[in-house]
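Residue-level listing of the chains:
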Amino acid sequence: MSALLLGGAGFIGLHLARRLLADGHQVTIVDDFSRGRRDSDLDAARAHPNLRVISADLTDPGTYAALPHGWDQIYLLAAVVGVRNVEQDPARVVRVNTLVAMHLLDWVAPGERVFFASTSEVYAGGVDAGVVGVPTAEDVPAMISDITAPRFAYAVSKLLGEAAFLHTARARGFDAVVGRFHNVYGPRMGADHVVPEMSLRAAGGEDPFRVPGADQYRAFCHVDDAVEAMLRLMATPEAAGQIVHIGNDREETNIGDLAKLVLRVAQAGPAIETSPAPPGSVHRRCPDLSKLRRLTGYEPAVTLEEGVRSTFAWYRANGAPS
């Protein structure tokens, strides 16, 4: 099987690439390295004879024109993500995420199969407004509660992508699967996400240990489980034309308890200093995985403690990515 990973040098992309290579497939990564990284993890993967890496700008239609067709699977993972990026330059988020999606849609050929990486943020406004329940299924209203808030630029760009892929696939005769990721974490994901961010501060001996939004609840999904869910969806014909939630609904936890777990893994015992969550941060997030289970038989396999331990170990050894 041949797979094209657009944005494949990033967090989820490289984990997916390594899994596909381990399963014996041919993999091509295209990345502009604005978010993806050239590091020892990528270097190790590049040594595999079945991996090709292309450095190119995915907002440029010429990048797609230079690519062949005939892929068994195409994954669109390229995007500007992260609260810091969204708050500092929301216009870039909208521009990059939209152009990458639109140029791919102009290029993809009938009969090909595409995975579009989306996010639980597309319905987060409805949770805060009290019109969307938790755990949350795919058929709830997608709602942006405050279009002027910079953090919603990301949600808007992904909501546009969902609609564009589903409708264009039906009109043009290719398969599209939309996966909404829910709090995926793991090694090599940058430093903005709460698990690596806490891991770095715990490894650095912060005391008192700051815990914003300690009363908020999340259901964290290790990247290995997320990759397993993606591969199962792409191998399931019935998933075409579907929006499917990807996550782990087995161990919903509050951020205060997550902090205690990270500190226990780090063998650290600082005082804990709580504070309010950042503005716009949803109080609770947990996916309803009924559709994913029904389509693929997926079950999360990595416990929160196992995942935190592996993530902490990676960040203690590697530090914050540059």
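Conventions used here
- Residues numbered from 1 in each chain as written.
- Predicted model: local features only at pLDDT ≥ 70, side-chain atom pairs only at ≥ 80, totals over all residues.
- Heavy atoms only, no water.
- Pairing = 2+ DSSP bridges.
- Helix = DSSP H or I, 4+ residues; strand = E, 2+ residues; numbered from the N terminus.
- Axes fitted to C-alpha atoms, helices over the stretch in contact; angles between N-to-C directions.
- Parallel < 35°, antiparallel > 145°, perpendicular 65-115°, else oblique.
- Left-handed = near helix turned anticlockwise from the far one by under 90°.
- Contact = heavy atoms within 4.5 Å.
- Nonpolar A, V, L, I, M, F, W, Y, C, P; charged D, E, K, R; others polar.
- Buried < 20%, exposed > 50% of the residue type's maximum accessible area, 1.4 Å probe, protein only.
- Lys, Arg positive; Asp, Glu negative; His and termini not counted.
- Salt bridge = Lys/Arg side-chain N within 4 Å of Asp/Glu carboxyl O.
- Polar contact = N/O pair within 3.5 Å; in protein donor to acceptor, adjacent residues only side chain to side chain.
- Phe/Tyr/Trp six-rings, centres within 6.5 Å; stacked < 30°, edge-to-face > 60°.
- 1 Å grid on protein atoms, 1.4 Å probe; cavity = no way out; pocket = protein on both sides within 12 Å on 5 of 7 lines; lining within 4 Å.
- Points joined across faces, edges and corners; volume = space filled by probe spheres on them.

Colleague: Any chance you could explain the sheet that holds strand β9 (residues 217-218) here in plain terms?
Modeller: Pairing between the strands of a sheet comes from backbone hydrogen bonds, and it takes one of two forms, parallel or antiparallel. Pairing is mixed across the open sheet formed by three strands, whose spatial order is β12-β9-β14. Each edge of the sheet is formed by a strand with only one pairing partner; in this case those strands are β12 (253-254) and β14 (284-285). Sheet topology places β9 next to β12; two bridges connect them, and they run antiparallel. Its bridge partner being in β12, arginine 218 is matched across the sheet by threonine 253.

Colleague: When you look at the packing of helix α8 (residues 194-203) against helix α10 (residues 255-265) in this model, what are you seeing that I'm missing?
Modeller: With their axes 10 Å apart at the nearest point, α8 and α10 run at an angle of 45° to one another. Here α10 runs oblique to α8, going by the angle between their axes. Read as a crossing pair, α8 and α10 show a hand that is right-handed. Across the interface between the two elements, Val194, Val195, Met198, Ser199 and Ala202 of α8 pack against Ile255, Leu258, Ala259, Val262 and Leu263 of α10. For the contact of α8 with α10, the class distribution of residues is nine nonpolar, one polar and no charged.

Colleague: Explain the side chain of arginine 218 here, please?
Modeller: Along the chain, arginine 218 falls in strand β9. The buried charged residue arginine 218 lacks any salt bridge, with glutamate 121 as its nearest oppositely charged partner at 6.4 Å. Reaching out from arginine 218, the side chain makes a polar contact with the side chain of glutamine 216 at a distance of 3.3 Å. Within the structure, arginine 218 has its side chain in polar contact with the side chain of serine 281 (distance 3.2 Å). Those residues within four positions of arginine 218 in sequence are excluded, and the remaining contacts are Asn183, Glu251, Glu252, Thr253, Ile255, Ser281, Val282, His283, Arg284 and Arg285.

Colleague: What should I look at first to understand the sheet that holds strand β2 (residues 26-31) in this one?
Modeller: Spatially, seven strands are ordered β3-β2-β1-β4-β5-β6-β11 in an open sheet, and the strand pairing comes out parallel. Each edge of the open sheet carries a strand with a single partner, namely β3 (51-55) and β11 (243-246). The average angle at which neighbouring strand axes cross in this sheet is 20°, direction not considered. Examined bridge by bridge, strand β1 (residues 2-6) and β2 share five bridges and lie parallel to one another. Paired with leucine 6 across the two strands is valine 30, which belongs to β2. Where helix α7 (residues 152-172) meets the sheet, it contacts β4 (73-76), β5 (113-119), β6 (175-181) and β11, and its direction lies at approximately 155° from that of β5. Along the sheet, helix α9 (residues 223-234) makes contact with β4, β5, β6 and β11, crossing β5 at roughly 140°.

Colleague: Which parts of the structure should I look at to understand the side chain of lysine 158?
Modeller: Positionally, lysine 158 belongs in helix α7. A polar atom in the side chain of lysine 158 sits 2.7 Å from the backbone oxygen of alanine 117. Aside from chain neighbours lying at most four places away, what touches lysine 158 is Ala79, Phe116, Ala117, Ser118, Thr119 and Val122.

Colleague: Quick question: what am I supposed to make of α10 here?
Modeller: It helps to recall that an α-helix has 3.6 residues per turn; residues three or four apart then point in one direction. The element α10 is largely enclosed, with a buried count of eight among its eleven residues. Structurally, α10 contributes buried residues whose contacts are with α8, β8 (209-212), β9, β12, β13 (272-275) and α12 (304-318). For α10, the N-terminal cap is asparagine 254; the gap from its side-chain oxygen to the backbone nitrogen of glycine 256 is 3.1 Å. Directly after α10, the chain includes glutamine 267, whose backbone phi takes a positive value near 55°.

Colleague: Quick question: what am I supposed to make of the packing of aromatic side chains here?
Modeller: A ring pair, where both rings are aromatic, is described by two values, the distance of the centres and the angle of the planes. Taken as a whole and judged by the stated rule, the model has six aromatic pairs. Their ring planes at 50° and their centres at 6.3 Å tell us that tyrosine 64 and tryptophan 107 sit as a pair that is tilted. Pair noted here: tyrosine 64 is in helix α3 (residues 61-65) and tryptophan 107 is in helix α5 (residues 90-107), with a separation of 43 residues, a long-range link. Like tyrosine 64, the residue tryptophan 107 is buried in the burial classification. Between tyrosine 185 and phenylalanine 220, the aromatic rings sit 6.2 Å apart at their centres with planes inclined by 90°, giving edge-to-face as the arrangement. Taken as a pair, tyrosine 185 in strand β7 (residues 184-185) and phenylalanine 220 in the loop between β9 and β10 (221-222) lie far apart in primary sequence, 35 residues in all.

Colleague: Explanation requested: empty space enclosed by the protein in the structure shown.
Modeller: Once rolled over the atoms, a probe with the size of a water molecule shows which space is left empty. Evaluation of the coordinates by the stated rule reveals one cavity of 30 Å³ or more. Put simply, the largest cavity is a space of about 40 Å³. Lining the largest cavity are Leu76, Ala78, Asn97, Ala101, Phe116, Ser157, Lys158 and Gly161. Of all the secondary structure elements, the ones that give two or more residues to the lining of the largest cavity are α5 and α7.

Colleague: Even after reading the chapter, I still don't get unusual backbone geometry, so can you show me in this structure?
Modeller: The bulk of non-glycine residues show a negative phi, and the bulk of peptide bonds are trans. Of note, the amide linkage connecting valine 134 to proline 135 takes the cis form, showing an omega dihedral of 0°. Within the secondary structure, proline 135 sits in the loop between α6 (124-129) and α7. With omega at 5°, the peptide bond leading from aspartate 207 into proline 208 counts as cis. Here phenylalanine 33, not a glycine, exhibits a phi torsion of approximately 65°, which is positive. Counting through the fold element by element, phenylalanine 33 comes out in the loop between β2 and α2 (40-46). The exposure class of phenylalanine 33 is buried, given its relative accessible area of 14%.

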